[in-house]
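An overview of the molecular structure
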Amino acid sequence: MSKLFEPLTLRGVTIRNRTMVAPMCMYEAKDGLANDFHLVHLGRYALGGWGLVMMEASAVEQRGRITHGDVGIWSDDHIEPLRRIASFLKAQGAVAGIQLGHAGRKASVQRPYEGDGPLGSAQLAKGELPWEVVGPGTTPFDEGWITPHALAVSELQDIKQSFCDAVLRAQAAGFDVIELHAAHGYLLHSFLSPLTNKREDKYGGDRDDRFRFPLEVAAAMRNLWPSDLPMFVRVSATDWVDGGIQVDDTVEFAKALREIGIDLMDCSTGGLTPRAQVPLSFGFQVPFAESVKREANIPTSAVGLITDPQLAEQIITEGKADMIAVAREALANPNWALNALSALNEGGNSEFDGWPRAYKIWLAKRERALQSIANA
Ligand code: FNR
């Protein structure tokens, strides 16, 4: 029996298998409102047998968008289109998750398909103007990027409140899981890392002080989110730069998160600085999920170039992570989970387990037709 396809129960939620579609910003929203594109894009994964489908990073305040096309959750108007998506995902047997984020000093940039970096003349001509970006201090992400406004303590409280309001909206929209985005150089990651947090107040300095704001946010969210529903945190387990976050720091952060009731650490890496050198290989971030799981004693998910079902199976079997998150491979192959189920089951999947019930007899007929042509 495949371990990848064993259910996982976290609090009151049972996920049908260990596969998760990683959060992926599509930059296709207008005014932060999710639309039919998001419904169909994510709906394919629910039909494709994935266990958990994570809605892309959704901005808890307008300044916290990466681009003008980000999905948002900063107003009650955002709830209804999100509710439609969560409801479809759940009706198809998937668990519906949503990542809640704030882009911090990496906000106010072009959509990736327009360019890489601050808004240019083409966007300004369409009336897509830059906005104030915020961070722990005033150092921009890169040369030519907007200089952030250094957040005062009272402003941190306002941002924490925005995360809390977003939690209640995610609940109203019917999601089963929320994931706090504390990775990839966005606002909370920039508080965690010594490379970007040079504050001299209680929110900067030594490790505990750098952890303080992200932990305050996570604890306030966990308090509001229903106790029978799980909450994940996504981190960059290393900055891949000397003097930045190392896995030991992430283990300590995970221990503190476990204490406040976080259910799973989604272990990514990098994104803080363009100077990072990332050694790519299949499953290259798995060792981080493994260390955090073992040393902080908390469930983890592994992500990053996990494309082969056998590799995914091995990670779960060897106890290195509890879930496998997949991003780009899922774009290429929305039925990856169902195909993995066939590949990992000896004798295939002749009953078409997991496929939508409306497809099953047609898939069986297709099999027989193909077989009869092959035999002719
Ligand atoms: C991403 N990624 C990402 N991560 C995140 O935490 N929140 C997000 O909204 C996004 N957005 C996003 C958009 C797109 C188009 C891609 C390709 C990626 C990162 C993603 O979740 C994942 O960690 C990486 O892509 C590595 O996994 P894969 O692609 O190798 O499976």
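No experiment lies behind these values; they were computed from the predicted model shown.

Conventions adopted
Residues numbered from 1 in each chain as written. Predicted model: local features only at pLDDT ≥ 70, side-chain atom pairs only at ≥ 80, totals over all residues. Heavy atoms only, no water. Buried < 20%, exposed > 50% of the residue type's maximum accessible area, 1.4 Å probe, protein only. Helix = DSSP H or I, 4+ residues; strand = E, 2+ residues; numbered from the N terminus. Right-handed = clockwise from strand over helix to strand, strands pointing away. Pairing = 2+ DSSP bridges. Phe/Tyr/Trp six-rings, centres within 6.5 Å; stacked < 30°, edge-to-face > 60°. Lys NZ or Arg CZ within 6 Å of the ring centre and 35° of its normal. Near = heavy atom within 4 Å. Polar contact = N/O pair within 3.5 Å; in protein donor to acceptor, adjacent residues only side chain to side chain. Areas by Shrake-Rupley, 256 points an atom, 1.4 Å probe, with all protein chains shown as cover. Nonpolar A, V, L, I, M, F, W, Y, C, P; charged D, E, K, R; others polar. Arc of directions from axis to C-beta. Contact = heavy atoms within 4.5 Å. Axes fitted to C-alpha atoms, helices over the stretch in contact; angles between N-to-C directions.

**Brief notes about the pairing of strand β10 (residues 264–268)**
One face of the sheet, then the other: side chains in a regular strand alternate in exactly this way. A large share of β10 lies buried, amounting to five of its five residues. The β-α-β motif built from strand β9 (residues 231–236), the intervening helix α7 (residues 247–259) and the parallel element β10 has right-handed crossover chirality. When β10 meets strand β11 (residues 300–303), the two strands line up parallel, connected through three bridges. Looking across to β11, one finds that Cys267 is bridged to Ala302. Taken together, β10, helix α8 (residues 286–296) and β11 form a β-α-β motif whose crossover is right-handed.

**With respect to the packing of aromatic side chains**
Within a pair of aromatic rings, the relevant descriptors are the distance that separates the centres and the angle that separates the planes. Within this structure, the stated rule accounts for eight aromatic pairs. Taking the centre distance of 5.4 Å and the plane angle of 25 degrees together, the rings of Trp50 and Trp336 count as stacked. Linking Trp50 in the loop between α1 (36–47) and β4 (52–59) with Trp336 in helix α11 (residues 336–344), this pair joins segments that are 286 residues apart in sequence. A residue is classified by how much of its surface remains accessible, and Trp336, at 3% relative accessible area, is buried. Each ring, one from Phe211 and one from Phe253, has its centre 5.0 Å from the other, and the planes form 50 degrees; the classification is tilted. With Phe211 in helix α6 (residues 207–224) and Phe253 in helix α7, this residue pair connects regions lying 42 residues apart in the sequence. Given the relative accessible area of 6%, Phe211 is considered buried. Three or more aromatic residues link up through ring pairs in this structure, and these residues are Tyr45, Trp50 and Trp336. The ring of Tyr186 carries the charged tip of Lys106 above its face, separated from the ring centre by 4.8 Å.

**What about the site of the ligand?**
As a matter of local geometry, the ligand sits amid 15 residues, with Pro23, Gln99, Leu305, Ala327 and Arg328 nearest to it. One of the side-chain N or O atoms of His181 is found 3.3 Å from an oxygen atom in the ligand. Arg234 is positioned with one of its side-chain polar atoms (N or O) 2.9 Å from an oxygen atom of the ligand. Its free accessible area being 610 Å², the ligand has 82% of it covered by the protein chains. In terms of residue class, the shell around the ligand is made up of nine nonpolar, four polar and two charged.

**Overview of helix α9 (residues 309–317)**
All of the buried residues along α9 are Pro309, Ala312, Glu313, Ile315 and Ile316. The arc that holds the buried residues of α9, viewed along the axis, is 160 degrees, so those residues lie on one side. Elements in contact with the buried residues of α9: α8, β11, β12 (323–326) and α11. Once α9 finishes, Gly319 follows within two positions and takes phi at roughly 70 degrees, a positive value.

**Quick word on the sheet that holds β4**
As summarised here, the arrangement of the eight strands in space is β3-β4-β5-β8-β9-β10-β11-β12, forming a closed barrel in which the pairing is parallel. Taking the axes of each pair of neighbouring strands and ignoring which way they run, one obtains an average angle of 25 degrees across the sheet. Of the pairings in the sheet, the one linking strand β3 (residues 19–21) to β12 comprises three bridges and is parallel in character. Considered in β12, the bridge of Thr19 is made with Ile324.

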